[in-house]
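One-letter residues, chain by chain:
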Amino acid sequence: MKYLLSVPLIFFLTFFSPNVAAQPGSMENLRQTGKAFSEVSRKVSPSVVFIQVESIQQSTAAPFEFGSPFNDELFKRFFGDSFRGFEPPAQPRQRRTLGQGSGFVFARDSGLLADKAYILTNNHVVEGATRISVTFQDGREFDGEIKGADPKSDIAVLEIEAADIPALELGDSSQLEVGEWVLAIGNPFGLSHTLTAGVVSAKGRTSVGITDYEDFIQTDAAINPGNSGGPLVNLDGEVVGINTAIFSRSGGYMGVGFAIPINMARSIAEQLLEGGEVTRGFLGITIQNLTPELAESFAVDDLNGIIVAQVAEDSPAARGGIQQGDLIVRYQGQAVKDTGSFRNQVSMTAPGTAALVDLIRQGKRMQLKVEIGQLADQQSQSAAIESTDEIGLSVQTISPALAEQFNTEAGKGVVVTQVADGSLAALAGISVGTVIYEVNRKPVSSAEQFKQLISESNNRALLLIGQG
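What you see is a predicted model; the values in this text were computed from it and never measured. Every chain is numbered independently, its residues counted from 1 as its sequence is written. Whole-chain, interface and lining totals are the exception, using all residues; otherwise, since this is a predicted model, local features are given only for residues with pLDDT of at least 70 and side-chain atom pairs are given and counted only at 80 or more. Side-chain metrics in this entry use all non-hydrogen atoms of the structure; hydrogen atoms and water are not considered.

Asker: How should the overall build of the protein be read in this particular structure?
Answerer: In terms of regular secondary structure, the protein is built from 10 helices and 28 strands. When checking whether two residues touch, look at their non-hydrogen atoms; a contact exists if any pair is within 4.5 Å. Within the protein, contacts between residues separated by at least 24 positions form 64% of all contacts whose residues are at least 6 apart in sequence. Only the protein chains shown count as cover for residues, and all accessible areas are computed by the Shrake-Rupley method using a 1.4 Å probe. Surface exposure of the protein reaches about 24,200 Å², of which carbon and sulfur atoms provide 50%. Put simply, DSSP marks the helices as runs of H or I at least four residues long and the strands as runs of E at least two long, and each gets a number from the N terminus on.

If you want it as structure tokens, here you go:
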């Protein structure tokens, strides 16, 4: 039985304005900070490019540019409705569109050609381009060619025929600290080589919903349309990220921007240049984050780790001995934090690698050696359970096995796997096992889509639900 349920989403904003007294020497400190920003700008700007993209979009147009004469009132007075339905059908037409973004020159690890330069940018900046123009700060303009692109991570590499182009130094994004100064350089709204300053607001954002593989650096350095693909640099002028997206309800800057860590981007770019594609590791499990309640049941003190909800038959995980209900706490010697970071860890592991997986099973700690498989296009590394903080629940995509269990169809709706105590979902009567078919009258077919629809809700979500 299905019924509609309205769940309000309530957001609170708090503001705090401390009274800060000026300290001796504070003006001099500000001057020195400003000079540091200027020095970074002078060092980095010559290698930052303005990217303009031409593409062709297919559209359907009416056969008459200014409307059909058969619908004209004067025409109808003379001929009545005799010509109703005579109007020719709409005709397909091509429309040229222009887009813009940013990028920067980088030096590949091997095979660098003296007469070529390579540019890192976002895939969404150049996707579908019929012509790419790359312009440097000094006005030099070159035609760009896509040498490789990876939509799953939103990384693309361009090649231009140019010699003696300085490449930016790539830093180590794993060493970034929250609160550290960073600068964004790019071309917002076509305003060439604009510099903005801010700090690293957070690291390891993995559930933003922008790309398949996420590990975003969050920053409050102003990022706007046109900044995509440009470098996020530290005070040494080293690239630590690629500016990619913003969180905004207005379409413009609202204080939250996201950058792809350069360590991830560098690895993907090298694979694109060497083989034209990205090879990702694959385990074949469905995973879910560890909650406080589940942590207590596993007798662990922290929330690091992920739970194995399902293991695909004949998958690398199954062959390696991983079982449903296992709590994976370490992978290749590194602590596992959540589902997003674990997906990244596995995907960046070369297929064929014998990976060490530390887990807890029925209170016992053990270590397995699992040979990582290769992710095919039709596979996903995991069917991760998505948590939705706005209303306090977690949902899972309905697999064929779950469809049989809940007497529904695979790919139609999501099943609720957890409900937080005292949350909006709990107050609305949603319980574990509830199947959600629609959000705001839009059919939902996956956990990722459900999370996206909830995040787009304007303070209220209308859910069509049923009990499994």
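Having seen the structure, we can now continue with the description.
Asker: How should I be thinking about helix H4 (residues 262-275) in this particular structure?
Answerer: Each α-helix turn comprises 3.6 residues. Residues three or four places apart therefore point the same way. Here the expected span of a helix is defined as 1.5 Å times the quantity of residues minus one. The first and last C-alpha atoms of H4 sit 20 Å apart over 14 residues, in line with the 20 Å expected at 1.5 Å per residue. Those residues of H4 not exposed but buried are Ile262, Met264, Ala265, Ile268, Ala269, Glu270, Leu272 and Leu273. Backbone geometry just downstream of H4 places Gly276 in the positive-phi region, at approximately 80°. Buried means the residue's accessible area, taken with a 1.4 Å probe over protein chains only, is under 20% of the maximum for its type, while exposed means over 50%, and partly exposed covers the values in between.

Asker: I tried to follow the pattern of salt bridges on my own but got confused; where do I start?
Answerer: Side-chain pairs of opposite charge can arise whenever the charged atoms involved come near each other. By convention in these notes, a salt bridge is any Lys or Arg side-chain nitrogen within 4 Å of a carboxyl oxygen on Asp or Glu. Summed over all chains, the structure comprises 10 salt bridges. With a closest N to O distance of 3.5 Å, Lys116 and Glu161 form a salt bridge. Of this pair, Lys116 sits in the loop between strand E3 (91-106) and strand E4 (117-121) while Glu161 sits in the loop between strand E8 (155-160) and strand E9 (181-186); the two residues are 45 residues apart in sequence, bridging distant segments of the chain. Residue Arg319 is joined to Asp314 by a salt bridge in which the shortest nitrogen-to-oxygen separation is 3.2 Å.

Asker: Please explain the packing of aromatic side chains as it appears in this structure.
Answerer: Paired rings are identified among Phe, Tyr and Trp, the last through its six-membered ring, by centres lying within 6.5 Å, and are further divided according to the angle between planes into stacked (under 30 degrees), edge-to-face (over 60) and tilted (the rest). All told, the structure shown has four aromatic pairs when counted by the stated rule. Seen from their ring centres, Tyr331 and Phe342 are 5.7 Å apart, and the 80° between their planes marks the pair as edge-to-face. A residue pair is termed long-range when its members are at least 10 positions apart, and Tyr331 in strand E18 (residues 327-331) and Phe342 in helix H7 (residues 339-347) qualify at 11 residues. Grouping residues by exposure puts Tyr331 and Phe342 together as buried. Looking at Arg140, its charged tip hangs above the ring of Phe136, at a distance of 5.7 Å from the centre. Criterion for a charge above a ring: Lys NZ or Arg CZ within 6 Å of the ring centre, and within 35 degrees of the ring normal.

Asker: Is there a simple way to think about helix H1 (residues 26-44) in this case?
Answerer: With 19 residues, H1 extends 27 Å between its outermost C-alpha atoms, agreeing within 8% with the 27 Å of an ideal straight helix rising 1.5 Å per residue. For H1, every residue scored as buried is listed here: Phe37, Val40 and Val44. The buried residues of H1 occupy an angular sector of 60° when projected down its axis, which confines them to one face. Of the exposed residues in H1, those oriented more than 90 degrees away from the buried face are Met27, Lys35 and Arg42. Regarding the arc, it is the one traced by the directions from the helix axis to the C-beta atoms.

Asker: For this particular structure, what's the right way to read the nonpolar core?
Answerer: Across soluble globular proteins, nonpolar side chains show a tendency to be buried alongside one another. Buried Ala, Val, Leu, Ile, Met, Phe, Trp, Tyr and Cys residues that are joined via side-chain atoms within 4.5 Å together make up what is termed a nonpolar core. Counting 28 residues, the largest nonpolar core has Phe104, Phe106, Leu120, Ile155, Val157, Ile242 and Ile262 as its most contacted members. Elements supplying a minimum of two residues to this core: H1, E3, E4, E8, E9, strand E13 (239-246), strand E14 (257-261) and H4. A total of seven residues in this core trace back to one element, the largest contributor, which is H4. Setting aside chain neighbours within four positions, we find Ile262 in contact with Phe104, Leu120, Leu170, Gly171, Ser173, Val239, Val240, Gly241 and Ile242. Counting 18 residues, the second largest nonpolar core, distinct from the first, contains Ile285, Ile322, Val357 and Val370.

Asker: Which parts of the structure should I look at to understand the side chain of Ser173?
Answerer: In this structure, Ser173 sits in the loop between E8 and E9. Owing to a relative accessible area of 7%, Ser173 belongs among the buried residues under this scheme. Excluding residues that lie within four positions of it along the chain, Ser173 makes contacts with Lys203, Ile217, Val240, Pro261, Ile262 and Asn263.

Asker: Quick question: what am I supposed to make of the sheet that holds strand E12 (residues 231-233) here?
Answerer: The strands making up a sheet associate through backbone hydrogen bonding, with each pair oriented either parallel or antiparallel. The six strands are arranged E9-E10-E11-E14-E13-E12 in a closed barrel whose pairing can be described as antiparallel. Each strand of the sheet is rotated relative to its neighbour by a mean of 45°, with strand direction disregarded. A strand pair is defined by DSSP finding two or more bridges across the two strands. Looking at chain direction, strand E10 (residues 194-205) and strand E11 (residues 216-219) are connected through three bridges and run antiparallel. If you follow Val200 over to E11, its bridge partner there is Thr219. Geometry is summarised by axes, namely lines fitted to C-alpha atoms with helices restricted to the contacting stretch, and by angles between N-to-C directions that run from 0 to 180 degrees. Relative to E9, H1 is tilted by about 40°, and along the sheet it contacts E9, E10 and E12. Lying on the sheet, H4 is in contact with E13 and E14; it crosses E14 at an angle near 50°.

Asker: How do you make sense of the pairing of strand E7 (residues 145-150) when you look at a structure like this?
Answerer: Successive side chains on a regular strand alternate, one facing one side of the sheet and the next facing the other. Of the strand pairs in this sheet, E7 and E8 are connected by five bridges, and their pairing is antiparallel. Opposite Asp150, over in E8, you have Ile155 as the bridge partner. Taken together, E7 and the strand that follows it, E8, pair antiparallel across an intervening segment of four residues, in which Asp154 is found at a positive phi of about 65°.

Asker: What's the story with the pairing of E8 in this structure? I'm lost.
Answerer: Across the six residues of E8, six count as buried, placing the element largely inside the fold. Judged by which residues are buried, E8 turns out to be covered on both faces: Ile155, Val157 and Glu159 on one side and Ala156, Leu158 and Ile160 on the other are all buried. Where E4 meets E8, five bridges bridge the pair, whose relative direction is antiparallel. From the neighbouring strand, Tyr118 faces E8, where its bridge partner is Glu159.

Asker: Looking at this structure, how should I read the environment of Gly373?
Answerer: For Gly373, the location among the structural elements is in strand E22 (residues 373-374). Each C-alpha atom of the pair Gly373 and Gly281 lies 5.6 Å from the other, and the pair is 92 residues apart in sequence. With sequence-adjacent residues up to four places away left out, Gly373 is seen in contact with Arg280, Gly281, Phe282, Pro316 and Pro351.

Asker: What's the story with the side chain of Arg361 in this structure? I'm lost.
Answerer: Locating Arg361 in the fold gives a position in strand E20 (residues 354-361). A 3.5 Å cut-off defines polar contacts: any pair of N or O atoms within that distance qualifies, except that in protein one atom must be a possible hydrogen donor and the other a possible acceptor, and neighbouring residues in sequence count only when both atoms are side-chain atoms. Here Gly321 takes part through its backbone oxygen, which lies 2.8 Å from a polar atom of the side chain of Arg361. When sequence neighbours within four positions are dropped, the list of residues in contact with Arg361 reads Gly321, Ile322, Gln323, Asp326, Met366 and Leu368.

Asker: Teacher, can you tell me more about the confidence of the model for the protein here?
Answerer: Detailed reading of the predicted model is not advised wherever pLDDT is low. A residue's pLDDT is simply how confident the predictor is in it, with values from 0 to 100. Averaged over all residues, the pLDDT of the protein is 81; the fraction at 70 or higher stands at 80%. Between the elements of the protein, mean pLDDT differs from a low of 51, seen in helix H2 (residues 73-79), to a high of 97, seen in E12.

Asker: Help me understand the environment of Ile119, please; the structure alone is not making it clear to me.
Answerer: Residue position: Ile119 is located in strand E4. Not counting residues up to four positions away in its chain, the partners in contact with Ile119 are Val49, Gly103, Phe104, Val105, Phe106, Val134, Ala156, Val157, Leu158 and Ile160.

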